[in-house]
Structure formats: structure tokens, C-alpha cells
Amino acid sequence: MIFTRLVTCRFYGQLNRFLAPQRKHKTFVYAVKGTPAIKDTVEALGVPHVEVDCILVNGQSVGFDYQIKGDERIRVYPQASHLRLKRIVRLKAKPPARPRFILDAHLGKLTRHLRLLGFDVLYRKDIADQQIVAATRRTGRVVLTRDIGILKNKAVRYGYFVRAIDPKKQLKEIIQRFNLSGRIKPFRVCLRCNGRIHRVAKDKVMHRLPPLTKEFYTRFYMCRSCRKVYWQGAHYEYLAGIIRSYIKIV
Ligand SMILES: [Zn+2]
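Before going into details, it helps to say that this report is about the structure given with it.

Overview of the side chain of Ser-61
Looking at where Ser-61 falls in the secondary structure, it is placed in strand β4 (residues 60-62). What makes Ser-61 buried here is its relative accessible area of 4%. Residue contacts for Ser-61: discarding those within four places in its chain leaves Cys-54, Ile-55, Leu-56, Arg-87, Ile-88 and Val-89.

As C-alpha cells, then:
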């Protein structure tokens, strides 16, 4: 026979965005069946584990595998840094100092903007959730998504739920969240395939250029992977505009 047990829960800060409206910013009683791991209970309430840094059970810091017994007071925090406790189990994996990313299929524009600033971003518009999970497990890439389901998968160690909807605001959010402002190197990564771009002599690509481009431009780049040719034309100005607008808003 499986018993129902009651616990008292409270979520703090940014974690409230994932809760049902009646549970946001307040203490509530929640019923669990059996003795689930606390990770499963937190995720059943809507909060992906990658967003959680610390869980206190009756004032003690516990790991995700803590099994609920009933009658506990559970407090869940997005950051543990301000908590004054002798012993804290930090649950959020620290992202790599030079993160590489894998983006969900609906984040095509954010992909383009991140590549534009020189960041390594794996992206395919037909990628399935399981492929994203397999790729992050294999490569340690940080998953960026607006799909909470992916972030609840236990194989996702580094993941982040993108809050903003507008791609430029998303870019600002990611730069701040992952502390990337000192790592911006525009025009290093191919916008089409994520390959590395390098300078190339004009005569090497002459046969692939439109007539007016041949006439007016002198500086050319080519992707090592897909061999797409870039030059500082109208397209460049458009991209440079995005970078300038980004640098202004940081
Ligand atoms: Zn390319």
C-alpha cells in the first residue's frame, strides 16, 4: 500500500516563475505518494532541477536524492550563496568557464546572435529533444531552451531556461547569466554552420562573388567547414548594427 504524505513547501526568487499561480511566493502544503526523491517532487511542482541550487529540509541542506518521509518543511532556493549555514550542498553545476552551447529548435535567432559574437553554438532546426539530451551528455554543452521538459531530464547537467522572448533580450540575458561579456569576438564563427571563419585572399574566392562585390570589397572571410564566403558588405553592416546595439545595452 502506498501512503500519501504531506510536506510544506516554499520556493524562493526566480523559481516562483515555474510554479502554478496559487503556489507562487507562499508556503503551501503538498501531498506526495510514497517516499519520492526530493528532485522528483520539486520537478513535479514544475521547477527543473538545473534551476535549483539548494534545498533545505527542516533547516538542513540536502541532495537531490533525499527521500521524503512526510511532515518535512522544504525550502528551495535558486542560489545558495546568501545562505548562512555550516554545511551546504550546492546542487547547481557550475557552468564551464568557456561554455559551448546547444540550443533548442525554437531558438534560431538567438543561435545566430550568439554565433555572431563568436560563441560556439550547436543548432539544428529539426533537432529532437532526445538528441539535445544525448549531445549535452556527450559534450558538456550548455542547453539553452524554453522547453522545461528538456531541463527536467536528469542527464542534463548544464541547462538554462531562457526567460526573454525577444532574441536581442535573450542575447543580453545569456551574456549576463554566463558572464560572457569579456569573451565576445565577433566574426569568428560561421552563422550558417558554426564552423570557424578565417581571412581569405580575394583571388581565392573571386569566382564566387557577385559582380558588384568583386568591384567594391577587398576583405573576405571563409568558413572552414561549409566554405561560405563573408565580406564586409550590407550584410556585415546589418550584423555590426546588432553588435553595436548589444554593446549599448550591456
Ligand atoms: Zn559554415
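Notes on the sheet that holds strand β9 (residues 159-161)
The strand order across the open sheet formed by 4 strands is β7-β6-β8-β9, and the pairing between neighbours is parallel. A single partner strand is all that each edge strand has here, and the edge strands are β7 (121-122) and β9. With 3 bridges connecting them, strand β8 (residues 142-145) and β9 associate as parallel partners. Considered in β9, the bridge of Leu-144 is made with Tyr-160. Sheet strands touched by helix α5 (residues 167-177): β6 (101-103), β8 and β9. Its angle to β9, the strand with the most contacts, is close to 140°.

Some words on the pairing of strand β1 (residues 4-11)
Here β1 pairs with strand β2 (residues 28-33) via 6 bridges, running antiparallel. Across the sheet, Val-7 pairs through a bridge with Tyr-30, a residue of β2. When β1 meets strand β5 (residues 73-77), the two strands line up parallel, connected through 4 bridges. Paired with Cys-9 across the two strands is Ile-74, which belongs to β5.

Remarks on the coordination of the zinc ion
Taken together, the protein donors to the zinc ion comprise Cys-190 (SG), Cys-193 (SG), Cys-223 (SG) and Cys-226 (SG), at separations of 2.3 to 2.4 Å. One way to put it: the 4 donor atoms around the zinc ion meet at angles of 97 to 116°, and that makes the site tetrahedral. Here the donor residues of the zinc ion are spaced in sequence according to C-x2-C-x29-C-x2-C. Separated by 33 residues along the polypeptide, Cys-193 in the loop between α5 and β10 (197-200) and Cys-226 in the loop between β11 (220-223) and β12 (229-231) bring together distant segments of the chain. Residue classification places Cys-193 among the partly exposed residues on the basis of a relative accessible area of 31%.

Cut-off values and rules
Sequence order sets the numbering: in each chain, residues are counted from 1 along the sequence as written. With the structure being a predicted model, the display of local features is reserved for residues of pLDDT at least 70 and the display and counting of side-chain atom pairs for 80 or more, all residues being used for whole-chain, interface and lining totals. For side-chain calculations, the full set of non-hydrogen atoms in the structure is used, while hydrogens and water are omitted. The helix and strand labels rest on DSSP assignments: H or I over at least four residues marks a helix, E over at least two residues marks a strand, and numbering proceeds from the N terminus. A 1.4 Å probe rolled over the protein chains alone gives each residue an accessible area, and that area as a share of the maximum for its type sets the label: buried under 20%, exposed over 50%, partly exposed in between. Contacts are residue-level and defined by heavy atoms, with any inter-residue pair within 4.5 Å sufficient. If DSSP finds at least two bridges between two strands, the strands pair. Axis angles are defined between N-to-C directions and span 0 to 180 degrees, where every axis is a line fitted to C-alpha atoms and, for a helix, only to the segment in contact. Only nitrogen, oxygen and sulfur atoms count as donors, using a 2.8 Å cut-off from the metal that widens to 3.2 Å for Na, K and Ca. Water is left out, so coordination shells may look unfilled. Here a site with four donors is tetrahedral if all angles are between 85 and 135 degrees, and a site with four or six donors is square planar or octahedral if opposite donors are over 155 degrees apart and the other angles are between 65 and 115; anything else gets the irregular label.

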